[in-house]
Amino acid sequence: MSAQQPTSRRKRARDADGDADEGSAAVVPLRTWRFSVRAPPLLAGESVCVSGECAQLGAWAAAGVLPLTESDHDHDHDHDHDRDSDAEKGVWSGACQVPARADTRFRYCVCALGRDASGAVVHAAVRSWETEIRARVVPAGCAAPPIAPDEFGRISSRTRVDRGWLTADTLLQFKFCGRSPFAFKSPAHAKGIRVKVIPVDFQFGCDNTSAPAEDSNADGEDTSTESGTPSCTFTQVATLNAARCRLEPQEQFGRAYVDGDFLMFNVTSPDPHALAYLVDFYRGTSDKPPRHFGYSYVLPNLLKRSEGQIELPITCSTKHRPLGSMNLEYMLVYPMKTQTCDMRVSYSSYWNDTWKGLDVGHRGLGSSFKNKEGPAIRENTIASLKTAAASGADLLEFDVQLSKDLVPVVYHDFHVCIALKRKKRMDHSEMLEIPMKDLTLEQLHELKVYHVVEGRSNEPRFFDEDLDEHQPFPELSEVLQAIDPHVGFNIEVKWTMLREDGSLELQHPIDLNLYVDTILDVVLRSAGSRRIIFSCFHPDVCTMLRLKQNIYPVMFLTQGVTTRYPGYHDPRCTTIPAAVSHALNAGLLGIVVHTEDLLRDSTQVKLVTDAGLIIFCWGDDNNNTETIKYLKQLGLHGVIYDKLDQFSNKEVKESIFMLEARQAQKDIMRIASNEDNCGNESDSKNEKTANDTSHPSSNTDSGETSSE
């Protein structure tokens with residue numbers, strides 16, 4: 001969707017001046033520029049850095065950031081601009097060479113810097129960064145920077161800072177949740193406990209690996225020291241409730257756990273398998289300081305897969321005998337190897353206020369197997385998606401999973417049916433139901449494969465073998481190329497869920513990191529300028545999608561309170577408030593709720609929007625014109641429904657993004673016309689327009705909201 005941008009007279013003259021001397025194109029004149037920014041207090045090991053488009057600032061890559069140095073705190077700054085905290089801010093500054101004859105765009109970021117023995121930076125883990133759509137600018141020809149330092153995150157009239165994504169670090173997440181994650185021999189030990197997780201250097205050992213003596217902290221002294229924690233390693237904690245769902249540094253004596261809590265610890269480090277994890281247990285009351293009473297170790301050899309469950313003994317800190325056991329769930333999230341995102345731009349928490357009541361085509365034109373009155377076109381096919389797009393869909397929702405040979409294909413159910421023939425009875429057909437993941441892409445395309453509804457009823461519904469765009473299992477890359485790029489995609493990533501009764505929807509042997517990376521790789525390579533939202537019912541997959549890239553937003557699908565479907569084990573999936581807590585904790589754009597929940601209690605829409613989140617809805621209840629109208633009146637940002645060609649009330653059958661692109665093109669032509677007539681328009685207007693229309697969001701000047 002990126003358009004050719006007009007070249008202003010001033011820029012043409014500047015380019016001509018730069019090329020006046022033969023061979024001068026290879027020489028870029030430079031000047032020294034001093035960067036200065038006021039930032040809130042950072043954690044130990046964090047530094048404010050600069051990333052920019054020129055080579056001297058790393059060409060937007062995290063590995064090439066310019067580290068700044070903190071000076072004395074400035075006491076005279078304007079506190080009206082300090083929206084993050086009333087705490088005293090420090091000023092960070094540093095200088096480098098930047099191009100002299102061209103504007104240089106840049107952003108401030110907070111990084112954890114890994115250095116070699118000589119002090120040189122060898123890797124940078126992005127902890128947070130400025131994500132205003134338009135970056136800061138060092139103006140061409142400007143000799144000196146402003147006297148007053150910049151404010152971190154505040155570029156225009158709003159402050160916009162998002163957490164980073166995984167670049168040079170890995171996330172290890174421990175979760176204590178479900179029914180009684182801690183079991184003690186004595187009921188007294190289970191009351192008033194506090195939990196703390198400390199990463200320790202496992203390769204070389206450290207002084208804090210010995211269990212503390214109980215009498216050493218009679219006055220509430222913290223007996224566990226974190227001196228052995230390697231550099232660039234950070235531990236944060238959250239309790240997934242309305243009050244404490246956001247990640248915070250650990251308290252001195254750990255985080256209190258009450259039965260029924262969802263307690264989460266995030267450890268980010270360059271190499272989680274080089275660490276062991278000491279889990280300390282404290283117990284205290286309102287009138288007495290906490291006392292250390294037990295500990296446990298999670299050794300790195302237990303972390304065999306991307307996700308899992310571990311049961312370990314809790315040892316008494318004085319007698320070194322078992323006190324009980326703990327049951328924890330873990331998840332490892334690695335950075336992508338095939339794709340590297342940079343700091344050029346991010347849309348992970350961007351939403352324009354004009355995007356309200358969007359029409360989202362469910363599986364394209366709709367689910368075609370739930371009932372016999374379903375759409376006449378097979379769901380999740382290119383034909384279904386194209387028909388929904390032509391009917392005015394703003395976004396197309398469809399499901400993606402991997403074939404046996406790791407090709408992302410569009411299909412909803414975990415199982416398929418294959419037609420078989422019995423021996424000596426060639427006139428009789430029988431259906432064999434197998435997992436879709438057990439068939440290669442070629443087998444899915446060449447074998448006679450039926451939907452599970454067709455197989456179980458032995459009633460085929462579609463006879464369209466000769467129509468290419470009607471065939472099931474289109475490749476994700478094919479869909480990205482075949483559909484009008486002005487129509488957005490809501491890509492639901494399918495992954496097996498653990499049900500409340502302990503059963504799995506599907507036994508899946510593929511490693512979760514490999515699974516998510518394979519899908520993301522196709523999207524990052526092939527999506528172009530298309531607007532894309534990822535979603536998933538599995539909360540951990542949502543976390544992975546958010547942490548592995550910084551371009552596309554992620555929304556958490558929640559089933560909520562319902563008897564229509566089997567319940568899930570994970571408490572984050574059970575209610576809208578729980579989903580809100582997870583979305584805030586993981587830095588997601590918003591949630592996609594089951595409409596049944598909203599029809600029962602419409603005030604939950606405000607609960608979501610008041611949290612700064614975007615809200616979509618899904619469900620069979622949506623397949624009604626009056627219900628769709630009612631949901632949009634409630635303020636939903638998107639409604640996912642079937643038969644969009646019948647239920648949509650749009651007069652102009654185009655996506656909202658097509659209309660915005662057309663308006664943006666008119667603005668470009670108007671600016672170009674003004675420059676040609678007057679000859680004195682600023683280059684920055686062209687650069688602003690180019691910046692705003694070059695990737696999934698144009699028309700960025702108005703009504704921006706954020707999930708942060």
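That block above? That's the structure.
Cut-offs and rules
Residues numbered from 1 in each chain as written. Predicted model: local features only at pLDDT ≥ 70, side-chain atom pairs only at ≥ 80, totals over all residues. Heavy atoms only, no water. Helix = DSSP H or I, 4+ residues; strand = E, 2+ residues; numbered from the N terminus. Buried < 20%, exposed > 50% of the residue type's maximum accessible area, 1.4 Å probe, protein only. Polar contact = N/O pair within 3.5 Å; in protein donor to acceptor, adjacent residues only side chain to side chain. Contact = heavy atoms within 4.5 Å. Core = buried A, V, L, I, M, F, W, Y, C linked by side-chain atoms within 4.5 Å. 1 Å grid on protein atoms, 1.4 Å probe; cavity = no way out; pocket = protein on both sides within 12 Å on 5 of 7 lines; lining within 4 Å. Points joined across faces, edges and corners; volume = space filled by probe spheres on them. Nonpolar A, V, L, I, M, F, W, Y, C, P; charged D, E, K, R; others polar.

Within the fold, Glu130 resides in strand E7 (residues 121–130). The buried category is assigned to Glu130, whose relative accessible area is 0%. One polar contact links Glu130 to Arg136, side chain to side chain, over a distance of 2.7 Å. Looking at Glu130, its side chain comes within polar contact range of the main-chain nitrogen of Gly153, at 2.6 Å. Excluding its chain neighbours within four sequence positions, the residues that come into contact with Glu130 are Arg107, Tyr108, Arg136, Glu151, Phe152, Gly153, Arg154, Ile155 and Arg160.

Turning our attention to the nonpolar core. One finds Phe534 and Phe616 to be the most contacted residues of the largest nonpolar core, which totals 113 residues. Per element, the largest residue contribution to this core is seven residues, and it comes from helix H6 (residues 512–526). The contact partners of Phe616, leaving out residues within four places of it in the chain, are Trp351, Val360, Leu395, Ile533, Met555, Ile591, Val592, Val593, Leu636, His637, Gly638 and Ile640. Core analysis: the next-biggest nonpolar cluster, separate from the first, contains 29 residues, Leu303, Leu312, Leu328 and Tyr330 among them.

Another aspect to go through is the environment of Trp618. Secondary-structure assignment places Trp618 in strand E33 (residues 614–618). Using a relative accessible area of 14% as the deciding quantity, one classes Trp618 as buried. In this structure, the C-alpha to C-alpha distance between Trp618 and His362, residues 256 residues apart in sequence, is 8.4 Å. When residues no more than four places from it in sequence are discounted, the contact partners of Trp618 are Phe537, Leu557, Thr558, Gln559, Tyr565, Val592, Val593, His594, Thr595 and Ile640. Polar side-chain contacts of Trp618 include one of 3.2 Å to the backbone oxygen of Thr558.

Take helix H7 (residues 539–548) next. For H7, a buried count of ten out of ten residues is recorded, marking the element as mostly surrounded by other parts of the structure. When we look at burial in H7, the residues that qualify are Pro539, Asp540, Val541, Cys542, Thr543, Met544, Leu545, Arg546, Leu547 and Lys548.

Another aspect to go through is empty space enclosed by the protein. All told, the structure shown has three cavities of 30 Å³ or more when counted by the stated rule. Computed from the structure, the second largest cavity encloses a volume of approximately 80 Å³. In terms of lining, the second largest cavity is formed by Phe369, Arg378, Glu379, Asn380, Tyr411, His412, Val449, Tyr450, His451, Pro472 and Phe473. Its residues assigned to classes, the lining of the second largest cavity comprises six nonpolar, three polar and two charged.

Function-wise, these values are silent; they only describe arrangement.
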